[in-house]
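Chain by chain, the residues:
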Amino acid sequence: MGLGVEQDYSKAAQYYRKSIDAKSFGGLTNLGILYRDGKGVERDYEEAIRLFKRAEELEIRGGSANLGWMQLQGLGMPKDASKGLALIEAAAEEEDAYGAYYIAQFLEEGVIVAQDLDRARELYRIAGDRGNYPAKQALKWLEKAQKTCASPTKEKAGRRCPAFPNQ
């Protein structure tokens with residue numbers, strides 16, 4: 001999402017590299033995500049892992065959670081759901097925006113962990129407060145869906161209604 005400018009992942013990657021070269025390491029995680037997702041750069045799991053590990057070494061938020069996500073999916077490393085989930089959960093416990101967002105997604109959908117919509121909302125709120133835009137959007141949707149899905153006109157929710165307790 002470009003705020004006030006056109007979105008350009010390639011240009012974003014250039015700026016993240018410049019900030020890293022200038023010893024401002026906040027861009028490590030974001031550049032790693034671009035490499036992981038192949039946005040603005042050629043997809044390169046090895047480089048994404050290297051950047052996430054460097055972020056983790058420097059205790060920059062997002063490194064551990066994104067390493068966990070890649071391990072959970074088996075992207076560039078052997079798939080290991082328990083190790084990947086443990087990394088993400090540890091990051092979420094530290095109120096890392098990425099860790100909180102990933103765990104909230106799992107809790108909302110009831111995948112990997114048991115569904116818990118109250119905890120999902122709480123973690124989406126934490127991630128959103130820490131600047132995770134997708135978490136803010138997910139929280140809005142979840143709150144709207146809970147109201148709409150509880151009504152007789154469930155199809156207004158815009159996507160599948162989650163299984164809300166006592167529904």
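Look up: the structure comes first, before these words.
Residues numbered from 1 in each chain as written. Predicted model: local features only at pLDDT ≥ 70, side-chain atom pairs only at ≥ 80, totals over all residues. Heavy atoms only, no water.

Peer 1: Help me understand the overall build of the chain, please; the structure alone is not making it clear to me.
Peer 2: Helix and strand content of the chain: eight helices and zero strands. Secondary structure elements of the chain, listed N to C terminal, follow the sequence α-α-α-α-α-α-α-α. The buried share of the chain, taken over its 167 residues, is 41%. Pairs at least 24 apart in sequence give 38% of the contacts found in the chain among residues at least 6 apart. Total accessible area computed for the chain in this model is approximately 9700 Å², and 48% of it derives from carbon and sulfur atoms. (Helix = DSSP H or I, 4+ residues; strand = E, 2+ residues; numbered from the N terminus. Buried < 20%, exposed > 50% of the residue type's maximum accessible area, 1.4 Å probe, protein only. Contact = heavy atoms within 4.5 Å. Areas by Shrake-Rupley, 256 points an atom, 1.4 Å probe, with all protein chains shown as cover.)

Peer 1: What is the right way to read helix α8 (residues 133–149) from this model?
Peer 2: The α-helix advances 3.6 residues per turn, and as a result positions three or four apart in sequence lie on the same side. The terminal C-alpha atoms of α8 lie 24 Å apart, and with 17 residues this matches the ideal 24 Å at 1.5 Å per residue to within 8%. Considered for burial, the residues of α8 that qualify are Ala 135, Ala 138, Leu 139, Trp 141, Leu 142, Ala 145, Thr 148 and Cys 149. Residues of α8 that are buried sit in contact with α6 (97–109) and α7 (117–129). Structurally, the start of α8 carries an N-cap: the backbone nitrogen of Ala 135 is 2.9 Å from a side-chain oxygen of Asn 132. (Expected span 1.5 Å × (residues − 1). Polar contact = N/O pair within 3.5 Å; in protein donor to acceptor, adjacent residues only side chain to side chain.)

Peer 1: Is there a simple way to explain α6 in this structure?
Peer 2: With 13 residues, α6 should cover 18 Å at 1.5 Å per step; its first-to-last C-alpha distance of 18 Å lies within 8% of that length. In terms of residue burial, α6 counts as a mostly covered element, since 11 of its 13 residues are buried. Taken residue by residue, α6 has Ala 97, Tyr 98, Gly 99, Ala 100, Tyr 101, Tyr 102, Ile 103, Ala 104, Phe 106, Leu 107 and Glu 108 as its buried positions. Those residues of α6 hidden inside the fold are in contact with α2 (27–37), α4 (63–73), α5 (81–93), α7 and α8. The N-terminus of α6 is capped by Asp 96, whose side-chain oxygen sits 2.8 Å from the backbone nitrogen of Tyr 98.

Peer 1: Can you walk me through the layout of surface pockets in this structure?
Peer 2: A probe matching the size of a water molecule, rolled over the atoms, marks out where space remains unfilled. For the second largest pocket, the calculated volume is near 190 Å³. For the lining of the second largest pocket, the secondary structure elements donating two or more residues are α4 and α5. For the lining of the second largest pocket, a count of residues per class yields three nonpolar, three polar and five charged. (1 Å grid on protein atoms, 1.4 Å probe; cavity = no way out; pocket = protein on both sides within 12 Å on 5 of 7 lines; lining within 4 Å. Points joined across faces, edges and corners; volume = space filled by probe spheres on them. Nonpolar A, V, L, I, M, F, W, Y, C, P; charged D, E, K, R; others polar.)

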